[in-house]
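A look at the structure
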Amino acid sequence: MPRKKPFSNKQKKKQLQVKRERKRGDPGSGPSSRNASVERGGERQSDTSDSETTDIIRRINQQPFNREGRYDSNRFRLHFEKESKEEVEKRKKIAREKILQPVSDKVLEIDISDIYPTEKGLGFPRRPPWNYEMSREELLRKEEKSFREYLDDLHSRNPPDSLSHFEHNLETWRQLWRVLEMSDVVLLIVDIRHPVLQFPPALYHYMTGDLQKQVVLVLNKADLCPPPLVIAWKHYLASQFPHLQTVCFTSHPGQPYSTVLQKKRMRRKGGWSDAGGPIDILKACQEITAGRVDLSSWEQKIKRDAVAERPDGEPQEEGAESVLMEHHTDAAMEMSRPSQELYKDGVLTLGCIGFPNVGKSSVINSLVGRKVVSVSRTPGHTKYFQTYYLTPTVKLCDCPGLVFPSHVNKQLQILAGIYPVSQLQEPYSSVGYLCERTPFLSVLKLKHPSLQDLQPHLVHPGSEDLSWTAWDVCEAWAERRGYKTAKAARNDVYRAANSLLRLAIDGRLCLCLRPTGYSCLKEHWENHPDLSEIMALQGRTEDGCRERDEEEDGESSTEPEEERDRDADDDEDGDDEDEGFGHPKRKDEVPAGLTVNMYNVLRENECE
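Residues numbered from 1 in each chain as written. Predicted model: local features only at pLDDT ≥ 70, side-chain atom pairs only at ≥ 80, totals over all residues. Heavy atoms only, no water.

A few points about the overall build of the protein
Check the secondary structure of the protein and you find 19 helices and eleven strands. Here the protein holds 608 residues, and the buried ones make up 55% of them. Contacts spanning at least 24 positions in sequence make up 79% of the contacts within the protein whose residues lie at least 6 apart. Total accessible area computed for the protein in this model is approximately 28300 Å², and 49% of it derives from carbon and sulfur atoms. (Helix = DSSP H or I, 4+ residues; strand = E, 2+ residues; numbered from the N terminus. Buried < 20%, exposed > 50% of the residue type's maximum accessible area, 1.4 Å probe, protein only. Contact = heavy atoms within 4.5 Å. Areas by Shrake-Rupley, 256 points an atom, 1.4 Å probe, with all protein chains shown as cover.)

Thoughts on the pairing of strand 10 (residues 394-398)
A large share of strand 10 lies buried, amounting to five of its five residues. Bridge count between strand 8 (residues 348-354) and strand 10: five bridges; the pairing is parallel. Bridge pairing links G351 to C397 in strand 10. From the end of strand 9 (residues 386-391) to the start of strand 10, which pair antiparallel, there are two residues. (Pairing = 2+ DSSP bridges.)

Concerning the nonpolar core
Burial of nonpolar side chains together is a common tendency in soluble globular proteins. Ranked by size, the top nonpolar core spans 136 residues in total, and within it W298 and I353 carry the most contacts. Of the residues forming this core, the biggest block, eight residues, is contributed by helix 16 (residues 493-506). Apart from residues no more than four positions distant in its own chain, W298 is found in contact with I281, L282, C285, L350, L367, L390, T391 and V394. (Core = buried A, V, L, I, M, F, W, Y, C linked by side-chain atoms within 4.5 Å.)

A word on the packing of aromatic side chains
Applying the stated rule across the entire model yields 13 aromatic pairs. Both rings, one in F124 and one in Y206, keep their centres 5.3 Å apart while their planes meet at 80°; by these two values the pair is edge-to-face. One end of the pair, F124, is in the loop between helix 3 (112-115) and helix 4 (136-157); the other, Y206, is in helix 6 (residues 201-210), with 82 residues separating them in the sequence. Here the aromatic cluster, defined as three or more aromatic residues joined through ring pairs, consists of F124, W173, Y206, F355 and F404. Between R96 and the ring centre of W471, over which it is positioned, the NZ or CZ distance is 3.7 Å. In this arrangement the basic side chain of R126 is found over the ring face of F124, its NZ or CZ atom lying 4.6 Å from the centre. (Phe/Tyr/Trp six-rings, centres within 6.5 Å; stacked < 30°, edge-to-face > 60°. Lys NZ or Arg CZ within 6 Å of the ring centre and 35° of its normal.)

A closer look at the environment of T391
Summarising the element assignment, T391 is placed in strand 9. In this structure T391 comes out as buried when scored by relative accessible area, which is 7%. When the C-alpha atoms of T391 and K301 are compared, they prove to be 8.0 Å apart, with 90 residues separating the residues in sequence.

Observations concerning helix 13 (residues 428-435)
Because the α-helix completes a turn every 3.6 residues, residues three or four places apart line up on one side. Most of helix 13 is tucked away: eight of the eight residues are buried. Among all positions in helix 13, only Y428, S429, S430, V431, G432, Y433, L434 and C435 are buried. Packing partners of the buried residues in helix 13 comprise helix 2 (85-97), helix 12 (410-415), helix 14 (440-444), helix 15 (470-481) and helix 16.

As for the environment of S450
Within the secondary structure, S450 sits in the loop between helix 14 and helix 15. As a C-alpha pair, S450 and D472 span 22 residues in sequence and 9.0 Å in three-dimensional space. Among the polar contacts made by the side chain of S450, one reaches the side chain of H448 at a distance of 2.8 Å. (Polar contact = N/O pair within 3.5 Å; in protein donor to acceptor, adjacent residues only side chain to side chain.)

Next up, the structure:
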C-alpha cells in the first residue's frame, strides 16, 4: 500500500473552511478569496481565471479571514508580478558590494515623461463596452478577456524587467471603473514628495477626454515637503496639464515628527477637523460646478468643524453630525451604466482615487471632520468600495489604491510606499537607493560595522571617512537599535532594513523628488510670493522653515526618550498609527504654538 502524503492540521483547517464556504454559498469561496491560493485538486485558481499567469503573480497583503464580515477582506489585495530568485540574489549581492556615493541634486529632478513614456503604451485597462442584454456572467467574462489582452499588449511593447510593479488584480481595476463612472468630479490624490510617480497622464486624458469629467489633483502630505518645493511642483504640474485644478492638503498641519524614532506625530487639539486644505478643495469644486450645485452646506460644515472643540481643547465627538454611509453590492455596480447626467438630484459626487499609501483615507476623514475610514501605512488597507454623504448635497466615493504600470525604478516605488515592507524579499537595494539621496549618517548617527569592536580609547577613523554599502548601513542600524536574530544573536539586517524603509515611508527619513529645472530656479521658488500661504497651510512659521533649511544636513534631537520609542518603527500594520489624537497629553509635548523642526533626530549623547 503506498504511503500517504502528509497532511498538516493547517491544511486540514483550510480545507474545512473551503467546504463550509461552498456549503453556505458565501462569496468568500470565490477565486479571489483567501483560500483561492490553496491548491485544490492539483490546480491553483487565478483571480483573472487565467491559469497561465498564476505562477508569475504574487498575491500579497493577506488579511485574516472574517467569518462575520459582509465582504471578502482579500478581494482587493495587491497582485504584483513575481520576481525571479536570480534577480533577487543579484540585487542582494550588489547591496553587499556596491559603495554608496551621494548623488547630485540634479539626479533628484524627475520629469513625468521619464516615468510614463508615451510610446510605451503605459495606459490602464478600460472597461469593455456592454449592454443590458448581457448577463452578469457574460459581462465578467468579457472584462476578463479584455484584461488579459491588455496585459499581453503591455508586455509585448515593453522589454522584460523594464516595467515597475503594477496591479494585476482585475477586481481592483473594476472598482476604479465604478468610481470613475459614478463621480462628477474626481479627486486624484498624490504624495507631494513624489507626485509624478502617482499621476498617470493616460488616466488624466481618459477622465477629461473620454469621460468628460473634471479632475482636482490633491497634493497630499504637504507638511512633509519644504514650502519652496511644494510651490515648484504646483507650477510644474500646472504647466504640464493646463486644465488641471491643483490644491495642497495635509491632515497634520504643524504636527511634525520631533525625532526619527517617534511613532506618532505630535498631538494637537482639533483632531481631523484641523486639516489644512478642505477649504481649497471646496473652492475648486465651486469653480467647477459654477453654481449648479448648492455647496453652502459644505462651506458651513467646514466652518463648524474648525471651531467644534471642547473647552479643554479636545475635539468635539459627542453630538457630532452623523455621516450616512452606503455599501454597494457587486451586482448593482457591475450592471450600472455611466451616468451622463452631472450632479444628479443636485448632489455632487466626488470620487477619491490614487495609488496605495498616498493618504486617501486620511483625506476623507479630514473632509468629514472625524474618523470614518480606518487608516494604516500598509498599502492596500482599504478593502471595499463605499460612499459617504459629507452633506446632503456632497457625496464622497472611496476607492482601493491602484498601482499603474510605469518605468519608475522599483526601489523608488518601494520608498513611495506601494509595496508592503514586511513582504519584501530583498529590501537592501531600496535602503541603498535611499542612503545615496539623503544625509543618512548625520540623521541616523551610525557607527561603521568595522569600528564596532574597537575600544573607545583607541584612535580610529570616523564613520564618515569609511566606505559604506547598503548592507553596512543595515548592519549598523541593527546594532544601533539592538535588532538581533533569535538563535545566534547576530545583527538582524533584514529587520533593520525594513525599519529604515518604514522611516522613509512615514516621512521621518524624508526623500523628496524635485521637478525638472528646480536646482536652477531654487532661489526663485524660495522667494516666491505664495511661500507664506504654503507655510500657513503646513502650520509653520517663517523662522521654523528657515531653521529646517539650515539644519537639513544634520541635527541633534529634542526628544530624549529613545526607550519609549524603541519599537516605534517596527509596528507595521496597526490602524491609526499616524494619528496621535485622543491620547492624554504628555508633559514633554511641545505646545501647539511652537514650531518644531521635523528633521530633528536623536541627541548626540544617545548614540554612545
